[in-house]
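Next come the chains, spelled out residue by residue.
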Amino acid sequence: MDELELQQAEAEKKEEPEKKGNIASEIFDWFDTILCSVIAVIVIFTFFTRLSSVDGSSMNPTLIDQERLLITSMGYTPKHNDIVVVWAENLIDDDGTPGKAVVKRVVGVGGDKIRIDFNEGVVYRNDEALPLEVKDGLLYEDGHTINDYTRRPLDFGGEVTVPEGYVFVLGDNRNNSRDSRDSAIGLVDERLIAGKVYLRVAPFDKFGGVN
């Protein structure tokens, strides 16, 4: 072996540990990235957001049974037309246990007077009718779709002033929804709001924000 070949052989021997070191470093970097991502997801889903699902048809046509939703409660203050998940203590879950999470829309907040004319199917907030319009074959109330005019009273006497710290909620499927018109739910304590719906994640073809 001449001197040039000897030098090349020695150089290759030196490169082998460096290559092994680079591979090990890349593996560690990948592992570190994956670990950080997992930790970030755990933190987000523990403190900032939660996964929920629609159970039933009470929010048709806005939300459909079994759709999957992301909700958040961080710094949340209820506002008109928000879609929220609330804990209904007096409803019975599918497995027979008391208490059930339901998805509804906020129609009244603390201080609002809510009145419903069930003959006309019109909801009033602070003596002003929530605007109704038909567009592209759909019925809109206050800018969002509802299934029909509000004609089902359930246990509701027709008028209520919402106390501070509570909300009045309705389902968008107005005549097939148990909500604040039903004494089993009634006015909802804000502390029983699990969070506001902000994203639909399944089915994937409907992925996106929710109005």
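Just so it is clear, the structure is predicted and the values come from calculations on it, not from any experiment.

Here is what the cut-offs are and how they apply
- Residues numbered from 1 in each chain as written.
- Predicted model: local features only at pLDDT ≥ 70, side-chain atom pairs only at ≥ 80, totals over all residues.
- Heavy atoms only, no water.
- Helix = DSSP H or I, 4+ residues; strand = E, 2+ residues; numbered from the N terminus.
- Buried < 20%, exposed > 50% of the residue type's maximum accessible area, 1.4 Å probe, protein only.
- Pairing = 2+ DSSP bridges.
- Phe/Tyr/Trp six-rings, centres within 6.5 Å; stacked < 30°, edge-to-face > 60°.
- Lys NZ or Arg CZ within 6 Å of the ring centre and 35° of its normal.
- Contact = heavy atoms within 4.5 Å.
- Core = buried A, V, L, I, M, F, W, Y, C linked by side-chain atoms within 4.5 Å.
- Polar contact = N/O pair within 3.5 Å; in protein donor to acceptor, adjacent residues only side chain to side chain.

Q: Looking at this model, I keep getting lost on unusual backbone geometry. Mind explaining?
A: Where the residue is not glycine, phi is negative for most of them; where a peptide bond is considered, it is trans in most cases. Following Asn60, the chain continues into Pro61 via a peptide bond in cis, with omega recorded as 5 degrees. Structurally, Pro61 can be placed in the loop between strand 1 (50-53) and strand 2 (68-72). In this model, Ala202 is joined to Pro203 through a cis peptide bond whose omega is 0 degrees. Here Pro203 lies in the segment after strand 14 (193-202). You will see that Gln66, though not glycine, has its phi angle at about 75 degrees, which is positive. With respect to the helices, strands and loops of the structure, Gln66 is situated in the loop between strand 1 and strand 2.

Q: Just to check I follow, could you spell out the pairing of strand 5 (residues 113-117) for this structure?
A: Two faces, one strand: in a regular strand the side chains alternate between the faces of the sheet. Along strand 5, the buried face is formed by Ile114 and Ile116; none of Lys113, Arg115 and Asp117, which line the opposite face, is buried. Here strand 5 folds back onto strand 6 (residues 122-125) in antiparallel fashion, the turn holding four residues, of which Gly121 has a positive phi close to 75 degrees.

Q: Please explain the packing of aromatic side chains as it appears in this structure.
A: Where two aromatic rings form a pair, the distance of their centres and the angle of their planes describe that pair. If you walk through the whole model with that rule in mind, you get three aromatic pairs. For the ring pair Phe118 and Phe156, a centre distance of 6.4 Å and an interplane angle of 80 degrees mean the geometry is edge-to-face. Taken together, the residues Phe118 in the loop between strand 5 and strand 6 and Phe156 in the loop between strand 10 (144-146) and strand 11 (159-161) connect sequence positions 38 residues apart. Given a relative accessible area of 17%, Phe118 falls into the buried group. Ring geometry for Phe204 and Phe207: centres 6.0 Å apart, planes at 35 degrees, overall tilted. For Phe204, a relative accessible area of 69% gives the class exposed. By relative accessible area, Phe207 is classed as partly exposed at 46%. Taken together, the ring pairs connect Phe118, Phe156 and Phe168 into an aromatic cluster. The ring centre of Tyr124 lies 4.0 Å from the NZ or CZ of Arg115, which sits over that ring.

Q: Please clarify how the environment of Ile83 should be interpreted in this entry.
A: Inspection of the secondary structure puts Ile83 in strand 3 (residues 83-92). Ignoring sequence-local partners within four residues, the contact set of Ile83 consists of Met59, Thr62, Leu63, Val103, Lys104, Arg105, Gly195, Lys196, Val197, Val210 and Asn211.

Q: Mind showing me how you'd approach the nonpolar core here?
A: Soluble globular proteins: nonpolar side chains tend toward being buried together. Counting 13 residues, the largest nonpolar core has Val86, Leu91, Val106, Val167, Val188 and Ile193 as the members making the most contacts within it. Within the residue set of this core, elements represented by two or more residues are strand 3, strand 4 (98-108) and strand 12 (166-170). At four residues, the largest contribution of residues to this core is made by strand 3. In this structure, Val188 is in contact with Val86, Gly165, Tyr166, Val167, Val169 and Ile193, ignoring residues within four places of it in sequence.

Q: I tried to follow the pairing of strand 14 on my own but got confused; where do I start?
A: Relative to strand 14, strand 2 runs antiparallel, the two being bridged by five bridges. Note on strand 14: the bridge partner recorded for Arg68 is Ala202. Examined bridge by bridge, strand 3 and strand 14 share three bridges and lie antiparallel to one another. Across the sheet, residue Val84 finds its bridge partner in strand 14, namely Lys196.

Q: What exactly am I supposed to notice about the side chain of Ser58 here?
A: Assignment of secondary structure puts Ser58 in the loop between strand 1 and strand 2. For Ser58, a relative accessible area of 15% gives the class buried. Within polar-contact distance, the side chain of Ser58 engages the side chain of Lys104 at 3.0 Å.

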